[in-house]
Amino acid sequence: SRARFVAVCLAAADGAATATGLQRWLRAAFAESVCAVAFPGAFGAVRAWHGQLSAAGSEELEEAARRVEAALAASLPAGSYRVEARDVGRYG
């Protein structure tokens, strides 16, 4: 059955969390490909949902950085601080 196929393939890809570098990327890509082939509709829906969450998260991060910047600017001399935000969803 399709579910058994997916279970076997995901078991083969298991260990991605403890793998490093290229091995981790290959295992994750393999697992993603198996799910996309086995369940194309559900996979596409989850991917779209994740894209929406990532976009919303990026907007929230930008807003938080602006608020921190404004709070610091109100309390500290110009040039005495720097606000940085790394968007993991956007830059990995």
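See the structure shown above.
Residues numbered from 1 in each chain as written. Predicted model: local features only at pLDDT ≥ 70, side-chain atom pairs only at ≥ 80, totals over all residues. Heavy atoms only, no water.

A.B. asks: Give me the lowdown on the pattern of salt bridges, citing residues and values where you can.
C.D. replies: Considering all chains together, one arrives at four salt bridges under this definition. Arg 47 is the salt-bridge partner of Glu 32, the closest N and O atoms lying 2.1 Å from each other. With Glu 32 in helix α2 (residues 21-38) and Arg 47 in helix α3 (residues 40-75), this pair connects stretches of sequence that are 15 residues apart. By relative accessible area, which is 49% here, Arg 47 ends up partly exposed. Notably, a salt bridge pairs Arg 82 with Glu 84, separated by 2.5 Å at the nearest N-O pair. The same class applies to Arg 82 and to Glu 84, which are both exposed. (Salt bridge = Lys/Arg side-chain N within 4 Å of Asp/Glu carboxyl O. Helix = DSSP H or I, 4+ residues; strand = E, 2+ residues; numbered from the N terminus. Buried < 20%, exposed > 50% of the residue type's maximum accessible area, 1.4 Å probe, protein only.)

A.B. asks: Could you give me a rundown of a nonpolar patch on the surface, with the residues and numbers involved?
C.D. replies: Together, Leu 22, Trp 25 and Leu 26 make up an exposed nonpolar region whose accessible area comes to about 370 Å². Position of Trp 25 among the secondary structure elements: in helix α2. (Patch = residues over 30% accessible without salt bridge, like charges linked within 9 Å, V, L, I, M, F, W, Y side chains within 5 Å. Areas by Shrake-Rupley, 256 points an atom, 1.4 Å probe, with all protein chains shown as cover.)

A.B. asks: How would you sum up the environment of Glu 84? Please name residues and give values.
C.D. replies: With respect to the secondary-structure elements, Glu 84 resides in the loop between α3 and α4 (88-91). Residue classification places Glu 84 among the exposed residues on the basis of a relative accessible area of 58%. For Glu 84 and Val 68, which are 16 residues apart along the polypeptide, the C-alpha to C-alpha distance reads 9.8 Å. At 2.5 Å, the side chain of Glu 84 forms a polar contact with the side chain of Arg 82. (Polar contact = N/O pair within 3.5 Å; in protein donor to acceptor, adjacent residues only side chain to side chain.)

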